[in-house]
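Read off the chains here:
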Amino acid sequence: MMEASKREKPVGAADSGTLVSSALAALSEADLLRLQALARLRARGLPPGVSWTDLLHEAIARALDGSRRWPPGVPLLAFLSGVMRSICDELWRKRGREADLLVLEEEAGREVVCPAPNQERILAAVQAIAAVQRLFRGDEIALRIMDGLANGLSAEEIRTNNNLSAIEYDSARRRMRRALIRIGLIGSAP
Amino acid sequence: MSRKRRLDATSQDRLALLLDALATEILEGRDHEVAVNLWDLDAAGRNALEAVRHLVTSLSDSPDTPEVSKVVAPGQGVHLTRNC
(Lines give C-alpha, C1' and ligand atoms only; values in the text may rest on other atoms or scores of the structure.)
Protein backbone atom coordinates (compact mmCIF):
# COMPACT_ATOMS: atom_id res chain seq x y z
CA MET A 1 0.00 0.00 0.00
CA MET A 2 1.23 3.47 -0.80
CA GLU A 3 3.25 5.24 1.89
CA ALA A 4 1.42 8.53 1.21
CA SER A 5 -1.68 7.00 2.78
CA LYS A 6 -0.11 6.93 6.26
CA ARG A 7 0.05 9.75 8.79
CA GLU A 8 2.35 10.25 11.74
CA LYS A 9 0.96 13.16 13.85
CA PRO A 10 -2.37 13.32 15.73
CA VAL A 11 -4.81 15.95 14.43
CA GLY A 12 -8.30 17.30 15.21
CA ALA A 13 -11.52 16.13 13.61
CA ALA A 14 -11.58 18.78 10.87
CA ASP A 15 -7.94 18.27 9.99
CA SER A 16 -8.42 14.51 10.01
CA GLY A 17 -11.28 14.87 7.52
CA THR A 18 -9.17 17.08 5.27
CA LEU A 19 -6.31 14.61 5.33
CA VAL A 20 -8.67 11.74 4.57
CA SER A 21 -10.09 13.70 1.65
CA SER A 22 -6.63 14.30 0.18
CA ALA A 23 -5.60 10.68 0.70
CA LEU A 24 -8.79 9.39 -0.92
CA ALA A 25 -8.22 11.57 -3.97
CA ALA A 26 -4.71 10.15 -4.29
CA LEU A 27 -5.71 6.47 -4.08
CA SER A 28 -4.25 4.36 -6.88
CA GLU A 29 -6.37 1.96 -8.91
CA ALA A 30 -4.87 -0.91 -6.92
CA ASP A 31 -5.91 0.73 -3.65
CA LEU A 32 -9.40 1.44 -5.00
CA LEU A 33 -9.65 -2.23 -5.85
CA ARG A 34 -8.52 -3.17 -2.35
CA LEU A 35 -11.06 -0.75 -0.87
CA GLN A 36 -13.85 -2.28 -2.93
CA ALA A 37 -12.79 -5.78 -1.92
CA LEU A 38 -12.70 -4.74 1.76
CA ALA A 39 -16.18 -3.23 1.56
CA ARG A 40 -17.59 -6.33 -0.14
CA LEU A 41 -15.93 -8.53 2.45
CA ARG A 42 -17.09 -6.49 5.45
CA ALA A 43 -20.60 -6.33 4.02
CA ARG A 44 -20.89 -10.09 4.50
CA GLY A 45 -21.48 -9.44 8.18
CA LEU A 46 -24.19 -6.84 7.64
CA PRO A 47 -27.88 -7.09 8.49
CA PRO A 48 -30.08 -7.87 5.48
CA GLY A 49 -30.94 -4.89 3.30
CA VAL A 50 -27.67 -3.00 3.73
CA SER A 51 -25.31 -3.15 0.76
CA TRP A 52 -21.55 -2.93 0.52
CA THR A 53 -21.87 0.48 -1.14
CA ASP A 54 -23.96 1.72 1.81
CA LEU A 55 -21.22 0.49 4.11
CA LEU A 56 -18.39 2.06 2.12
CA HIS A 57 -20.32 5.30 1.74
CA GLU A 58 -20.95 5.52 5.46
CA ALA A 59 -17.37 4.70 6.41
CA ILE A 60 -16.01 7.40 4.12
CA ALA A 61 -18.60 9.90 5.35
CA ARG A 62 -17.56 9.33 8.95
CA ALA A 63 -13.89 9.61 8.09
CA LEU A 64 -14.50 12.84 6.21
CA ASP A 65 -16.65 14.52 8.83
CA GLY A 66 -14.14 13.60 11.55
CA SER A 67 -16.60 11.57 13.61
CA ARG A 68 -14.03 8.82 13.11
CA ARG A 69 -10.51 10.22 13.24
CA TRP A 70 -7.71 8.74 11.21
CA PRO A 71 -5.10 7.61 13.77
CA PRO A 72 -1.47 8.50 13.14
CA GLY A 73 0.62 5.78 11.54
CA VAL A 74 -2.37 3.72 10.37
CA PRO A 75 -2.73 3.15 6.62
CA LEU A 76 -5.90 4.75 5.24
CA LEU A 77 -7.39 1.49 4.00
CA ALA A 78 -6.77 -0.27 7.32
CA PHE A 79 -8.49 2.65 9.06
CA LEU A 80 -11.50 2.51 6.72
CA SER A 81 -11.68 -1.26 7.16
CA GLY A 82 -11.92 -0.74 10.92
CA VAL A 83 -14.61 1.91 10.49
CA MET A 84 -16.65 -0.47 8.33
CA ARG A 85 -16.26 -3.17 10.97
CA SER A 86 -17.59 -0.89 13.71
CA ILE A 87 -20.51 0.24 11.51
CA CYS A 88 -21.53 -3.43 11.10
CA ASP A 89 -21.53 -3.89 14.88
CA GLU A 90 -23.45 -0.66 15.33
CA LEU A 91 -26.13 -1.69 12.85
CA TRP A 92 -26.69 -4.99 14.66
CA ARG A 93 -26.87 -3.21 18.02
CA LYS A 94 -29.45 -0.86 16.52
CA ARG A 95 -31.52 -3.86 15.45
CA GLY A 96 -31.28 -5.15 19.01
CA ARG A 97 -32.58 -1.89 20.44
CA GLU A 98 -35.52 -1.90 18.01
CA ALA A 99 -36.37 -5.41 19.20
CA ASP A 100 -36.26 -4.27 22.83
CA LEU A 101 -38.87 -1.64 22.05
CA LEU A 102 -41.19 -4.22 20.53
CA VAL A 103 -40.79 -6.47 23.56
CA LEU A 104 -41.79 -3.55 25.76
CA GLU A 105 -44.97 -3.21 23.71
CA GLU A 106 -45.68 -6.86 24.39
CA GLU A 107 -45.27 -6.31 28.11
CA ALA A 108 -47.85 -3.54 27.88
CA GLY A 109 -50.36 -6.16 26.77
CA ARG A 110 -50.38 -5.43 23.06
CA GLU A 111 -50.24 -7.97 20.31
CA VAL A 112 -46.71 -7.99 18.96
CA VAL A 113 -44.58 -9.62 16.31
CA CYS A 114 -41.12 -10.12 17.79
CA PRO A 115 -37.99 -9.84 15.75
CA ALA A 116 -35.15 -11.97 17.02
CA PRO A 117 -32.09 -9.90 16.22
CA ASN A 118 -29.68 -12.20 17.98
CA GLN A 119 -30.97 -15.25 16.13
CA GLU A 120 -31.01 -13.20 12.95
CA ARG A 121 -27.41 -12.17 13.48
CA ILE A 122 -26.32 -15.73 14.21
CA LEU A 123 -28.07 -16.98 11.09
CA ALA A 124 -26.51 -14.17 9.06
CA ALA A 125 -23.09 -15.14 10.44
CA VAL A 126 -23.57 -18.81 9.53
CA GLN A 127 -24.66 -17.83 6.02
CA ALA A 128 -21.77 -15.40 5.65
CA ILE A 129 -19.22 -18.03 6.69
CA ALA A 130 -20.73 -20.45 4.18
CA ALA A 131 -20.57 -17.78 1.46
CA VAL A 132 -16.91 -17.08 2.21
CA GLN A 133 -16.18 -20.82 2.13
CA ARG A 134 -17.76 -20.98 -1.32
CA LEU A 135 -15.18 -18.50 -2.55
CA PHE A 136 -12.56 -21.17 -1.97
CA ARG A 137 -14.59 -24.18 -3.03
CA GLY A 138 -12.28 -26.88 -4.36
CA ASP A 139 -9.20 -25.50 -2.62
CA GLU A 140 -8.93 -27.83 0.34
CA ILE A 141 -5.84 -26.16 1.80
CA ALA A 142 -7.43 -22.70 1.62
CA LEU A 143 -10.54 -24.07 3.35
CA ARG A 144 -8.43 -25.54 6.14
CA ILE A 145 -6.61 -22.25 6.57
CA MET A 146 -9.91 -20.40 6.67
CA ASP A 147 -11.20 -22.76 9.32
CA GLY A 148 -8.11 -22.05 11.40
CA LEU A 149 -8.44 -18.30 10.91
CA ALA A 150 -12.09 -18.47 12.00
CA ASN A 151 -10.96 -20.21 15.18
CA GLY A 152 -8.39 -17.53 15.89
CA LEU A 153 -5.38 -19.76 15.26
CA SER A 154 -1.98 -18.37 14.35
CA ALA A 155 -0.27 -19.21 11.07
CA GLU A 156 2.04 -21.62 12.87
CA GLU A 157 -0.86 -23.37 14.61
CA ILE A 158 -2.73 -23.73 11.32
CA ARG A 159 0.34 -25.17 9.60
CA THR A 160 1.00 -27.59 12.45
CA ASN A 161 -2.61 -28.73 12.84
CA ASN A 162 -2.97 -29.38 9.13
CA ASN A 163 0.53 -30.66 8.47
CA LEU A 164 1.19 -27.91 5.92
CA SER A 165 4.64 -26.83 4.81
CA ALA A 166 5.48 -23.14 4.81
CA ILE A 167 5.39 -23.19 1.01
CA GLU A 168 1.95 -24.83 0.89
CA TYR A 169 0.65 -22.33 3.42
CA ASP A 170 2.06 -19.27 1.67
CA SER A 171 0.88 -20.45 -1.74
CA ALA A 172 -2.63 -20.98 -0.43
CA ARG A 173 -2.66 -17.53 1.13
CA ARG A 174 -1.62 -16.00 -2.19
CA ARG A 175 -4.50 -17.82 -3.88
CA MET A 176 -6.83 -16.55 -1.18
CA ARG A 177 -5.67 -12.97 -1.66
CA ARG A 178 -6.18 -13.19 -5.42
CA ALA A 179 -9.66 -14.65 -4.95
CA LEU A 180 -10.63 -11.93 -2.49
CA ILE A 181 -9.45 -9.18 -4.82
CA ARG A 182 -11.16 -10.83 -7.78
CA ILE A 183 -14.41 -11.05 -5.84
CA GLY A 184 -13.99 -7.41 -4.93
CA LEU A 185 -14.01 -6.71 -8.62
CA ILE A 186 -16.71 -8.97 -9.96
CA GLY A 187 -19.10 -9.05 -7.02
CA SER A 188 -20.43 -11.82 -4.88
CA ALA A 189 -19.45 -15.44 -5.28
CA PRO A 190 -22.05 -17.99 -6.33
CA MET B 1 -12.51 -31.80 8.11
CA SER B 2 -16.09 -31.36 9.11
CA ARG B 3 -17.84 -28.23 7.85
CA LYS B 4 -20.90 -28.91 9.97
CA ARG B 5 -21.41 -26.02 12.40
CA ARG B 6 -23.78 -25.52 15.26
CA LEU B 7 -26.09 -22.55 14.94
CA ASP B 8 -24.97 -20.70 18.06
CA ALA B 9 -23.37 -17.48 19.13
CA THR B 10 -19.89 -18.73 18.36
CA SER B 11 -20.73 -18.33 14.69
CA GLN B 12 -20.62 -14.56 15.22
CA ASP B 13 -17.19 -14.79 16.78
CA ARG B 14 -15.95 -17.08 14.02
CA LEU B 15 -17.20 -14.71 11.36
CA ALA B 16 -15.59 -11.72 13.08
CA LEU B 17 -12.24 -13.52 13.29
CA LEU B 18 -12.50 -14.71 9.71
CA LEU B 19 -13.39 -11.31 8.28
CA ASP B 20 -10.58 -9.64 10.23
CA ALA B 21 -8.08 -12.19 8.95
CA LEU B 22 -9.26 -11.92 5.35
CA ALA B 23 -9.30 -8.13 5.52
CA THR B 24 -5.68 -8.32 6.64
CA GLU B 25 -4.94 -10.52 3.62
CA ILE B 26 -6.43 -7.89 1.31
CA LEU B 27 -4.48 -5.11 3.00
CA GLU B 28 -1.21 -7.02 2.89
CA GLY B 29 -1.54 -8.07 -0.73
CA ARG B 30 1.30 -6.69 -2.83
CA ASP B 31 0.58 -4.23 -5.60
CA HIS B 32 1.59 -6.69 -8.30
CA GLU B 33 -0.88 -9.26 -6.93
CA VAL B 34 -3.64 -6.66 -7.20
CA ALA B 35 -2.39 -5.44 -10.57
CA VAL B 36 -2.93 -8.89 -12.08
CA ASN B 37 -6.64 -8.28 -11.68
CA LEU B 38 -6.37 -4.76 -13.10
CA TRP B 39 -4.64 -6.00 -16.25
CA ASP B 40 -7.50 -8.38 -16.95
CA LEU B 41 -10.16 -5.80 -16.32
CA ASP B 42 -12.99 -5.77 -18.85
CA ALA B 43 -15.34 -2.86 -19.52
CA ALA B 44 -17.74 -3.87 -16.76
CA GLY B 45 -14.90 -4.17 -14.24
CA ARG B 46 -13.46 -0.85 -15.33
CA ASN B 47 -16.88 0.76 -14.87
CA ALA B 48 -17.22 -0.79 -11.41
CA LEU B 49 -13.87 0.61 -10.39
CA GLU B 50 -14.77 4.02 -11.75
CA ALA B 51 -18.00 3.85 -9.74
CA VAL B 52 -15.98 3.37 -6.56
CA ARG B 53 -13.69 6.23 -7.56
CA HIS B 54 -16.76 8.39 -8.11
CA LEU B 55 -18.26 7.37 -4.76
CA VAL B 56 -15.02 8.23 -2.98
CA THR B 57 -14.38 11.55 -4.71
CA SER B 58 -18.00 12.75 -4.74
CA LEU B 59 -18.15 12.40 -0.97
CA SER B 60 -14.83 14.20 -0.60
CA ASP B 61 -16.05 17.05 -2.78
CA SER B 62 -19.38 17.43 -0.99
CA PRO B 63 -19.55 20.09 1.73
CA ASP B 64 -22.28 18.16 3.56
CA THR B 65 -21.22 14.68 4.53
CA PRO B 66 -24.16 12.38 5.23
CA GLU B 67 -24.95 10.87 8.60
CA VAL B 68 -25.62 7.22 9.25
CA SER B 69 -29.37 7.73 9.50
CA LYS B 70 -29.43 9.25 6.02
CA VAL B 71 -27.16 6.75 4.38
CA VAL B 72 -27.77 3.36 5.89
CA ALA B 73 -31.32 3.45 7.18
CA PRO B 74 -33.17 3.93 3.84
CA GLY B 75 -31.84 0.70 2.40
CA GLN B 76 -32.20 -1.27 5.59
CA GLY B 77 -35.24 -3.49 5.45
CA VAL B 78 -37.21 -4.48 8.52
CA HIS B 79 -37.17 -8.21 8.98
CA LEU B 80 -39.69 -9.60 11.45
CA THR B 81 -39.93 -13.17 12.65
CA ARG B 82 -42.88 -14.61 14.47
CA ASN B 83 -41.20 -16.51 17.27
CA CYS B 84 -43.10 -15.53 20.37
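This structure is a prediction, so every number in the text was calculated from the model and none was measured.

## Notes on the overall build of chain A
Link 1 in the chain: Along the backbone of chain A there are 8 helices and 0 strands.
Link 2 in the chain: Scanning chain A from its N terminus toward the C terminus, one meets helices and strands in the order α-α-α-α-α-α-α-α.
Link 3 in the chain: The buried share of chain A, taken over its 190 residues, is 51%.
Link 4 in the chain: Of the contacts made within chain A by residues no fewer than 6 positions apart, 70% connect residues no fewer than 24 positions apart.
Link 5 in the chain: On chain A, roughly 8500 Å² of surface is accessible, and the fraction owed to carbon and sulfur atoms is 50%.

## With respect to helix α3 (residues 52-65) of chain A
Residue and element names in this part refer to chain A.
Link 1 in the chain: Across its 14 residues, α3 extends 20 Å between first and last C-alpha, which sits within 8% of the 20 Å expected from 1.5 Å per residue.
Link 2 in the chain: Burial of α3 is extensive: 11 of the 14 residues sit out of reach of the surface.
Link 3 in the chain: One or two positions beyond α3, positive phi appears at Gly66, with a value near 80°.

## Examining the packing of aromatic side chains
Link 1 in the chain: Taken as a whole and judged by the stated rule, the model has 0 aromatic pairs over all chains.
Link 2 in the chain: Geometry around Tyr169(A) places Arg159(A) over its ring, the cationic atom sitting 5.6 Å from the centre.

## Here's the deal with the pattern of salt bridges
Link 1 in the chain: Enumeration according to the criterion identifies 13 salt bridges over all chains in this entry.
Link 2 in the chain: Taking the shortest distance from any N to any O, the salt bridge between Arg62(A) and Glu58(A) comes out at 2.6 Å. Here the residue Arg62(A) and the residue Glu58(A) both occupy positions in helix α3, the gap between them amounting to 4 residues, near one helical turn.
Link 3 in the chain: The structure contains a network of salt bridges with shared partners spanning Arg42(A), Arg85(A), Asp89(A), Arg121(A) and Asp20(B).

## Overview of the nonpolar core
Link 1 in the chain: Ranked by size, the top nonpolar core spans 69 residues in total, and within it Leu24(A), Leu56(A), Leu76(A) and Phe136(A) carry the most contacts.
Link 2 in the chain: The element best represented in this core is helix α4 (residues 76-107) of chain A, accounting for 9 residues.

## Some details on the confidence of the model for chain B
All names here are of chain B.
Link 1 in the chain: Mean pLDDT over chain B: 67, with 62% of residues reaching 70 or higher.
Link 2 in the chain: Within chain B, the lowest mean pLDDT, 40, falls on helix α4 (residues 68-71), and the highest, 91, falls on helix α1 (residues 10-28).
Link 3 in the chain: Predicted confidence is poor over residues 1-7, with pLDDT under 50, and the contacts of this stretch with residues over four places away or in other chains come to 13 contacts.
Link 4 in the chain: A low-confidence stretch, residues 65-84 (pLDDT under 50), is modelled with 50 contacts involving residues beyond four sequence positions or located in other chains.

## What about unusual backbone geometry?
Most peptide bonds take the trans form, and the phi angle of most residues other than glycine is negative.
Residues and elements named next belong to chain A.
Link 1 in the chain: A positive phi angle is found at Asn163, which is not glycine, with a value near 55°.
Link 2 in the chain: Relative to the assigned elements, Asn163 resides in the loop between α7 (155-162) and α8 (166-186).
Link 3 in the chain: A relative accessible area of 69% means that Asn163 is categorised as exposed.

## Structural notes on the packing of helix α6 (residues 140-150) of chain A against α1(B)
Pairs of packed helices are described in terms of their axes, by the angle between the two and the distance that separates them.
Link 1 in the chain: Across the interface, α6(A) lies against α1(B) with an axial gap of 7 Å and an inter-helix angle of 115°. Mapping the contact onto sequence places Met146(A), Asp147(A), Leu149(A) and Ala150(A) in α6(A) and Arg14(B), Leu17(B), Leu18(B), Ala21(B) and Leu22(B) in α1(B).
Link 2 in the chain: When its residues are assigned to classes, the contact of α6(A) with α1(B) shows 7 nonpolar, no polar and 2 charged.

Parameters at a glance
- Residues numbered from 1 in each chain as written.
- Chains lettered and ligands numbered in written order.
- Predicted model: local features only at pLDDT ≥ 70, side-chain atom pairs only at ≥ 80, totals over all residues.
- Heavy atoms only, no water.
- Helix = DSSP H or I, 4+ residues; strand = E, 2+ residues; numbered from the N terminus.
- Buried < 20%, exposed > 50% of the residue type's maximum accessible area, 1.4 Å probe, protein only.
- Contact = heavy atoms within 4.5 Å.
- Areas by Shrake-Rupley, 256 points an atom, 1.4 Å probe, with all protein chains shown as cover.
- Expected span 1.5 Å × (residues − 1).
- Phe/Tyr/Trp six-rings, centres within 6.5 Å; stacked < 30°, edge-to-face > 60°.
- Lys NZ or Arg CZ within 6 Å of the ring centre and 35° of its normal.
- Salt bridge = Lys/Arg side-chain N within 4 Å of Asp/Glu carboxyl O.
- Core = buried A, V, L, I, M, F, W, Y, C linked by side-chain atoms within 4.5 Å.
- pLDDT = per-residue confidence, 0-100.
- Axes fitted to C-alpha atoms, helices over the stretch in contact; angles between N-to-C directions.
- Nonpolar A, V, L, I, M, F, W, Y, C, P; charged D, E, K, R; others polar.

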